Amino acid sequence: MSLSDRIRLSDEVAAARADGRPLVALETTIVTHGMPYPENVGTALAVEEVVRGAGAVPATIAIIDGAIRVGLTAAELEDLAGMKNVMKLSRADLAFALATGRPGATTVAATMISAALAGIRVFATGGIGGVHRGAETSFDVSADLYELAETPVTVVSAGAKALLDIPKTLEVLETLGVPVVTVGQDMLPAFWSRDSGLPSPLRLDDPADIASFLATRTELGLKGGLLVANPVPLADEIPAAEMRAHIEEAIRDAERDGIRAKAVTPYVLGRILTLTGGRSLVTNIALVKNNARLAGEIAVALQAVAG
């Protein structure tokens, strides 16, 4: 099977590509591993509408029946949410799912790879993976960071997930040469909270300026992507001090229960949902929509720069 056979575009995405309209990639771990039903499907559909409202076309990505599906219908999203044993795919096992026909939801890394193969340059997600706490002994570092250094896709997120070691995550991104740009403020956000306590390496406030930065990187032949850190709206944030206490408790619970590797993040997110009485989910939905809006605006601006 050729690569072109592996990549199947929805009618909406194919029409957008043919017409030269801007596209925004969207991941699917939010559907299978990140949120409970029915909020997961509802959020995925709402995020697609936010992208359309910003003037771009959404391209939600998943691995189904041995193919990279770029663009899913509402019915297909429902089917994905109900599937059993859906793989949580990153760079290491993306090809495995394609070769075996196993269904898979794409993480940041796998979505970036798939988006690049489909010619999509902008991707909206909630938060990226990073360096886990205790990585100096566990060596648990997300493939998302290395993907950002390799694959030319701009990732719009609310920063690294706050349950990670954010200072070490930022250091690794710097070492790998990945630009980190925060929008609208000088401090790096921390997913549910607007302020991680760390200054952002770079700041740009306008989608057109971000598009110009991207175009300049392309001119210079610099490989890899760009991480855009977009703070959660003020009205929806959970203050960092409050979240810190919930995160610490959730991580202790994960250690007690022997949770390891890819299972850590969904486990901790589930515990935090309980500990916050559902507030973390409300904030998560708000930040994903906010990121989708900005990603759509960047995609439109990038299209204008490209001419």
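Before reading further, recall that the structure is shown in the block above.
Nothing here was measured: the structure is a model prediction, and the numbers come from that model. (Residues numbered from 1 in each chain as written. Predicted model: local features only at pLDDT ≥ 70, side-chain atom pairs only at ≥ 80, totals over all residues. Heavy atoms only, no water.)

**Student:** Looking at this structure, how should I read empty space enclosed by the protein?
**Tutor:** A water-sized probe, rolled over the atoms, reveals where empty space remains. Counted under the stated rule, the structure contains 2 cavities of 30 Å³ or more. Of the volumes computed, that of the largest cavity is approximately 110 Å³. Leu26, Glu27, Ile30, Thr43, Ala44, Val47, Glu48, Thr60, Ala124, Thr125, Gly126 and Val288 are the residues that line the largest cavity. In terms of residue count, the dominant contributor to the lining of the largest cavity is helix α4 (residues 39–53) (4 residues). Here the lining of the largest cavity is built from residues that sort into 6 nonpolar, 4 polar and 2 charged. Of the voids in this model, the second largest cavity is the one considered here, and its volume is about 60 Å³. Among the elements that take part in the lining of the second largest cavity, helix α10 (residues 166–175) stands out by supplying 4 residues, more than any other. (1 Å grid on protein atoms, 1.4 Å probe; cavity = no way out; pocket = protein on both sides within 12 Å on 5 of 7 lines; lining within 4 Å. Points joined across faces, edges and corners; volume = space filled by probe spheres on them. Helix = DSSP H or I, 4+ residues; strand = E, 2+ residues; numbered from the N terminus. Nonpolar A, V, L, I, M, F, W, Y, C, P; charged D, E, K, R; others polar.)

**Student:** I tried to follow the packing of α4 against helix α14 (residues 279–306) on my own but got confused; where do I start?
**Tutor:** At their nearest, the axes of α4 and α14 sit 8 Å apart, and the two run at 25 degrees to each other. Between α4 and α14, the interaxial angle falls into the category roughly parallel. The interaxial crossing formed by α4 with α14 has right-handed handedness. Touching Glu39, Thr43, Ala46, Val47, Val50 and Val51 of α4 are Leu281, Ile285, Val288, Lys289, Ala292 and Arg293, all from α14. (Axes fitted to C-alpha atoms, helices over the stretch in contact; angles between N-to-C directions. Parallel < 35°, antiparallel > 145°, perpendicular 65-115°, else oblique. Left-handed = near helix turned anticlockwise from the far one by under 90°. Contact = heavy atoms within 4.5 Å.)

**Student:** Whenever I open this one, the side chain of Thr125 confuses me. Can you help?
**Tutor:** Note on placement: Thr125 falls in the loop between β7 (122–124) and α8 (135–138). Setting aside anything within four residues of it in sequence, one finds Thr125 in contact with Glu27, Val108, Val155, Val156, Ser157 and Asn291.

**Student:** Can you help me understand the pairing of strand β11 (residues 226–229) in this one?
**Tutor:** Note on strand geometry: in a regular strand, side chains alternate between the two faces of the sheet. Side chains of β11 alternate between two faces, with Leu226 and Val228 and Leu227 and Ala229 buried alike. Looking at chain direction, strand β8 (residues 154–157) and β11 are connected through 4 bridges and run parallel. Residue pairing for β11: Ser157 is matched across the bridge by Ala229. In this structure, strand β9 (residues 180–182) lies alongside β11, joined through 3 bridges in parallel fashion. Residue pairing in the sheet places Val180 in a bridge with Leu227 of β11. (Buried < 20%, exposed > 50% of the residue type's maximum accessible area, 1.4 Å probe, protein only. Pairing = 2+ DSSP bridges.)

In short, the description is geometric, and any link to function would need to be established separately.
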